[in-house]
Amino acid sequence: MSIPVALRPDYDAVRLRQLARRSKDAPQTRRLLALAVIYEGGLRTQAAEIGGVSLQTVRDWVLRFNAHGPDGLLDGKAPGQPSILSDAHRQRLSEMIESGPIPAVHGVVRWRLADLMQWLWEEYRIRISKQTLSRELRSLSFRKLSARPRHHARSDAAVAAFKKTSPRVWRRSRPTRPGRPIEIWFADEARIGQKNKITRRWAKRGTRPSAPRDLRTASAYIFGAICPAQGKAAGLVLPRCTTEAMSLHLAEISQAVAPGAHAVLLLDQAGWHVSRKLKVPPNITLVPLPAMAPELNPVENIWQFIRENWISNRIFTSYTDILDHCCAAWNKLIDQPWTIMSIGLREWAHQ
């Protein structure tokens, strides 16, 4: 007959019952109460009856408790089958996804699971199912996301130089206006019309939900500007993009600038933004963004937010209906300064 394994001496029955009362894990509670009986001098058979297990299982509990304390009585996660991919495979797979496929070499312009499965087989002779590869990619924090448009002629060097040098330029301009704080604003325009967007929506897998779509051509433009650091905005809804319309928008922004402050307004190089006929208020300085780099302007993300939440999937019955919805959407945005700050703040501009 085997000798019972003694319990560790730094615990007693009272402490184990206290731990059992505080535990939120039912199996651990049952095991703690069973071992408490042994601490009180009870038989191992009694402990097995309380735990509803065999004597051998009680012995296993004692060994786990002696080695790891109360945490040793928690159920561990089953190890399962070893992963097909090693850390080296995962690292190489991440590099392939981030660099993207080479159409002339891989024959595709974007990676699909089937393409990555084929690549793993050709490179490492590893057979892996689509479901397993999908889990592996998700564990590596990869998701299938919509790509952001980028102009093919954009100069990355010009964008980097603008991010690096422009904040220092408008910070140096502050001594020329003593006592006048600088506000950083971004401005852009969005066309809203009866040819409306259809956004993604929740639906059952395997189905394709429908949404109303209009082919008429009435439209208007939202002239919008935001000051992310202050969480404020200024906008107008106008029939077309012209120099006169932009002058009206600048006057609206001028009124939103804090008294005594000076606004640095960043905007793209559209013709109505750089026209010599543009009437620029004295408390605004226009700073053109690099050409073909709309991603530097957070108002582009504001348009996406407004379309996806308040404008898309609608039928506009008339031009007046378009104006009403544009004004309502912009007023909703103004009422949410935290949204303006969340979407609009940029480290390179505000630091």
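Quick note: structure is the one above.
Given the structure is predicted, the values throughout are model-derived calculations rather than measurements. (Residues numbered from 1 in each chain as written. Predicted model: local features only at pLDDT ≥ 70, side-chain atom pairs only at ≥ 80, totals over all residues. Heavy atoms only, no water.)

Peer 1: Would you take a moment to explain the side chain of R31 for this structure?
Peer 2: Relative to the helices and strands, R31 resides in helix α2 (residues 26-39). Overall, R31 belongs to the buried group, its relative accessible area being 8%. Among the polar contacts listed, one links the side chain of R31 to the backbone oxygen of L73, at a separation of 2.6 Å. Excluding its chain neighbours within four sequence positions, the residues that come into contact with R31 are W61, R64, L73, L74 and D75. (Helix = DSSP H or I, 4+ residues; strand = E, 2+ residues; numbered from the N terminus. Buried < 20%, exposed > 50% of the residue type's maximum accessible area, 1.4 Å probe, protein only. Polar contact = N/O pair within 3.5 Å; in protein donor to acceptor, adjacent residues only side chain to side chain. Contact = heavy atoms within 4.5 Å.)

Peer 1: What is the right way to read the pairing of strand β1 (residues 182-193) from this model?
Peer 2: Both faces of the sheet carry side chains from a regular strand, because those side chains alternate between them. Along β1, 11 of the 12 residues are buried, which leaves the element largely enclosed by surrounding structure. Relative to strand β4 (residues 262-267), β1 runs parallel, the two sharing five bridges. Each bridged residue has a counterpart across the sheet, and for I184 the counterpart in β4 is V264. Sheet analysis places β1 next to strand β2 (residues 219-227), joined by eight bridges and oriented antiparallel. Across the sheet, E189 pairs through a bridge with F223, a residue of β2. (Pairing = 2+ DSSP bridges.)

Peer 1: So what exactly am I meant to see when it comes to the sheet that holds β1 here?
Peer 2: With mixed pairing, the five strands of this open sheet are ordered in space as β3-β2-β1-β4-β5. Each edge of the open sheet carries a strand with a single partner, namely β3 (232-238) and β5 (284-288). Across the sheet, the mean angle separating the axes of adjacent strands is 25 degrees when strand polarity is ignored. Against the sheet, helix α10 (residues 243-256) makes contact with β1, β2, β3, β4 and β5, and its axis sits at roughly 155 degrees relative to β3, the strand it touches most. (Axes fitted to C-alpha atoms, helices over the stretch in contact; angles between N-to-C directions.)

Peer 1: Please clarify how the pairing of β3 should be interpreted in this entry.
Peer 2: Counting buried residues in β3 gives five out of seven residues, a clear majority hidden from the surface. Across seven bridges, the pairing between β2 and β3 is antiparallel. Counterpart to A225 in the pairing with β3 is A234. Connecting the antiparallel pair β2 and β3 is a turn made up of four residues, with G231 showing a positive phi of about 70 degrees.

Peer 1: Which parts of the structure should I look at to understand the packing of aromatic side chains?
Peer 2: How two aromatic rings sit relative to each other is given by the distance of their centres and the angle of their planes. Under the counting rule described, the total for this entry stands at seven aromatic pairs. Ring centres of Y39 and F65 lie 6.4 Å apart, and the angle between their planes is 75 degrees; on these two criteria the pair is classed as edge-to-face. Here F65 lies in helix α4 (residues 55-68) and Y39 lies in helix α2, a separation of 26 residues in the sequence. Look at F65 and you get buried, because its relative accessible area is 0%. By the ring-pair criterion, three or more aromatic residues cluster together here, those being Y11, Y39 and F65. Here the guanidinium or amino end of R8 rests over the ring plane of F65, the centre of that ring lying 5.9 Å away. (Phe/Tyr/Trp six-rings, centres within 6.5 Å; stacked < 30°, edge-to-face > 60°. Lys NZ or Arg CZ within 6 Å of the ring centre and 35° of its normal.)

Peer 1: Could you clarify how one ought to interpret the nonpolar core in this entry?
Peer 2: Side chains that are nonpolar tend, in soluble globular proteins, to be buried together. Core analysis: the largest hydrophobic core is formed by 33 residues, its most contacted members being F186, I226, L266, I302, W303, I306 and W330. Listing elements by their share of this core, those giving two or more residues are α9 (156-172), β1, β2, β4, α12 (299-311), α13 (319-334), α14 (337-344) and α15 (347-350). Considering each element in turn, this core owes the most residues, six residues, to α12. With 19 residues, the next largest nonpolar core counts A225, C227, A261 and A263 among its residues. (Core = buried A, V, L, I, M, F, W, Y, C linked by side-chain atoms within 4.5 Å.)

Peer 1: What am I meant to see in the packing of α2 against α4 here?
Peer 2: For any two helices packed against each other, the geometry comes down to the angle between their axes and how far apart the axes lie. Remark: α2 packs on α4, axes separated minimally by 11 Å, with the N-to-C direction vectors making an angle of 90 degrees. Between α2 and α4, the angle falls in the class roughly perpendicular. Each of R31, A34, L35, I38 and Y39 in α2 lies in contact with α4, whose residues at this interface are V58, W61, V62, R64 and F65. Here the contact of α2 with α4 is composed, by residue class, of eight nonpolar, no polar and two charged. (Parallel < 35°, antiparallel > 145°, perpendicular 65-115°, else oblique. Nonpolar A, V, L, I, M, F, W, Y, C, P; charged D, E, K, R; others polar.)

Peer 1: I tried to follow a positive patch on the surface on my own but got confused; where do I start?
Peer 2: Together, R191, K195, K197 and R213 line one region of the surface with positive charge. K195 sits in the partly exposed class, given a relative accessible area of 45%. (Patch = residues over 30% accessible without salt bridge, like charges linked within 9 Å, V, L, I, M, F, W, Y side chains within 5 Å. Areas by Shrake-Rupley, 256 points an atom, 1.4 Å probe, with all protein chains shown as cover. Salt bridge = Lys/Arg side-chain N within 4 Å of Asp/Glu carboxyl O. Lys, Arg positive; Asp, Glu negative; His and termini not counted. Charge placed at Lys NZ, Arg CZ, Asp CG, Glu CD.)

Peer 1: Please explain α2 as it appears in this structure.
Peer 2: At 3.6 residues per turn, the α-helix brings residues three or four places apart onto the same side. End to end, α2 covers 20 Å across 14 residues, agreeing with the expected 20 Å (1.5 Å per residue, within 8%). When we look at burial in α2, the residues that qualify are Q28, T29, R31, L32, A34, L35, A36, V37 and I38. Contacts made by the buried residues of α2 are with α1 (13-22), α3 (44-51) and α4. The distance from a side-chain oxygen at the start of α2 to the backbone nitrogen of Q28 is 2.9 Å, and the residue carrying that oxygen is D25. Of the residues flanking the end of α2, it is G41, one or two places downstream, whose phi is positive at about 95 degrees. (Expected span 1.5 Å × (residues − 1).)

Peer 1: In this structure, what is going on with the pattern of salt bridges? I would like to understand it.
Peer 2: Opposite charge on two side chains permits them to pair, given that their charged atoms come into close proximity. Scanning all chains against the criterion turns up nine salt bridges. Of the charged contacts, one joins R8 and D10 as a salt bridge, the two residues approaching to 2.9 Å between their closest N and O atoms. Take R8: its relative accessible area is 22%, and that puts it in the partly exposed class. Among the salt bridges present, the one from K232 reaches E183, with a minimum N-O distance of 3.0 Å.

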